[in-house]
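# Working through the structure, step by step
Read off the chains here:
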Amino acid sequence: MNNPFVTNGYAGAKYFCDREKETKNIVQMLTNENNLALISPRRLGKTDLIYHCFAQPEIRDKYHTFVVDIYSTASVRDFVNLLGKAVLDSLKSKGRQSWEKFINAVSSLRQNIGFDMNGYPSWSIGIGEIENPAVSLDEIFSYLESADKKCLVAIDEFQQITRYNDKNIEATLRTYIQKCTNTHFIFSGSQRHLMGAIFTSPSRPFFQSVTIMNLPPIALEKYTEFVVKHFEEADKSIDKQVISCLYEKFDSITSYMQRIMNLLFVRTPVKGTCTIDMIDSTIEQLLDFSSDTYEAILYQMPEKQRDLLVSIALEGKVKNISGGEFVKKHKLLSPSSVLSAAKGLLEKDFITQDRNIYSVYDKLFELWIKRMYK
Ligand SMILES: Nc1ncnc2c1ncn2[C@@H]1O[C@H](COP(=O)(O)OP(=O)(O)O)[C@@H](O)[C@H]1O
Ligand SMILES: [Mg+2]
């Protein structure tokens, strides 16, 4: 590995910082017949943590594990399609017997599963081909329940199901999951209000059916230890201040810290020291990488949303978004148009709302806007 600060997914325990307590808890819960919900803001490390837990020997050697990210799904059809694909993709590496059993189980879809030159199956199903999602879903669950090992299924970005037109999906999934004895689930999600509503509203099917775990940021001391160790292993050093400065600047969000550390590591020569004065130009470099994307996003946005997004970015955190002060200061049209623009930005995940405080979701986008409009 040329760079120990990995920015695109789980690369093994060596490159994974801390989460020891969480890993132990999750592994223990999952291997003791519990279902879990894992909640945190985006980019803090839920998905990587799931992969890390699934890679622990207690799970890796004894379970079939499946991870399905449903962020891009809009319907039960999509959901069934991705779930089926995730199961097949994971079984493919486990030998013919494993995947054959699955293919035989999903008889409603079998004719649509293709084979490549080496005889490996591939899930090349268009969603239109899933004629009866309820039947296919039933088949997938039957497979999980009859598999030759216990199964663990992670459904990532689970809050997405609240956006489906089919409002029964929660009740349907809940019914299946309740009946499962061979299979347990971890539902992870980034939007606290939606995830909270699914699992903690007494009127909703999933109420009190899972153990909820809120994932905190990695502690500064742990992240510092991790960074220092990797610099030392490469015969480089780093001032600890650099790490605390990044931690503060990026609200302790793992993904941004890793992306900056990755570049700082490159910029630090062997036997050299990474110092605090290197941070700003490194962030600049990262903003330059994304400049085209950010420009295009702003350009395509309806004007009212763009004005609001820029105003929020310039403020950092906005407490009373439709309050006269903020509206006047940024010359926005009116409180009501601000509220409707905010709704649009929230739906598209450009901004986030925690209680009554609004901020830009992507910290780098925020910094880029600040640089652009200041
Ligand atoms: N424990 C960790 N150690 C090192 N890097 C991590 C860790 N957790 C997350 N990351 C980094 O943060 C990025 C975002 O993590 P991810 O799991 O995708 O977040 P989430 O699923 O919460 O949005 C990962 O691609 C990885 O670079
Ligand atoms: Mg994720």
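I will try to describe carefully the structure that is included in this document. (Residues numbered from 1 in each chain as written. Chains lettered and ligands numbered in written order. Predicted model: local features only at pLDDT ≥ 70, side-chain atom pairs only at ≥ 80, totals over all residues.)

So, on to the overall build of the chain. Within the chain, the secondary structure is distributed over 16 helices and 11 strands. Its C-alpha radius of gyration of 23 Å places the chain within 12% of the 21 Å reference for a compact globule of 374 residues. Dimensions of the chain along its principal axes, counting C-alpha atoms only, are 60 × 55 × 40 Å. Counting only residues that meet the buried cut, the chain has 34% of its 374 residues in that class. For the chain, long-range pairs separated by at least 24 residues make up 72% of all intrachain contacts whose partners lie at least 6 apart in sequence. (Helix = DSSP H or I, 4+ residues; strand = E, 2+ residues; numbered from the N terminus. Rg over C-alpha atoms; globule rule 2.2 N^0.38 Å. Buried ≥ 20, exposed ≤ 12 C-beta atoms within 10 Å, placed from the backbone. Contact = placed C-beta atoms within 7 Å.)

As a further point, take unusual backbone geometry. Only a minority of non-glycine residues have a phi that is not negative, and only a minority of peptide bonds are not trans. Within the chain, Glu33 stands out as a residue other than glycine whose phi angle is a positive 65 degrees. Positionally, Glu33 belongs in the loop between helix H1 (20-30) and strand S1 (36-39). Note on Glu33: 10 C-beta atoms within 10 Å, which makes it exposed.

Further remarks concern the sheet that holds strand S2 (residues 63-69). Judged by pairing direction, the sheet is parallel, and its five strands sit side by side in the order S2-S5-S6-S1-S7 without closing on themselves. Looking at the sheet topology across the chains shown, the edges are occupied by S2 and strand S7 (211-214). When strand polarity is set aside, the average angle formed by the axes of neighbouring strands in this sheet is 15 degrees. Note: S1 against S7, four bridges, orientation parallel. If you follow Leu38 over to S7, its bridge partner there is Met213. Along the sheet face, H1 touches S1, strand S5 (150-156), strand S6 (183-189) and S7 and points at about 155 degrees away from the line of S1. (Pairing = 2+ DSSP bridges. Axes fitted to C-alpha atoms, helices over the stretch in contact; angles between N-to-C directions.)

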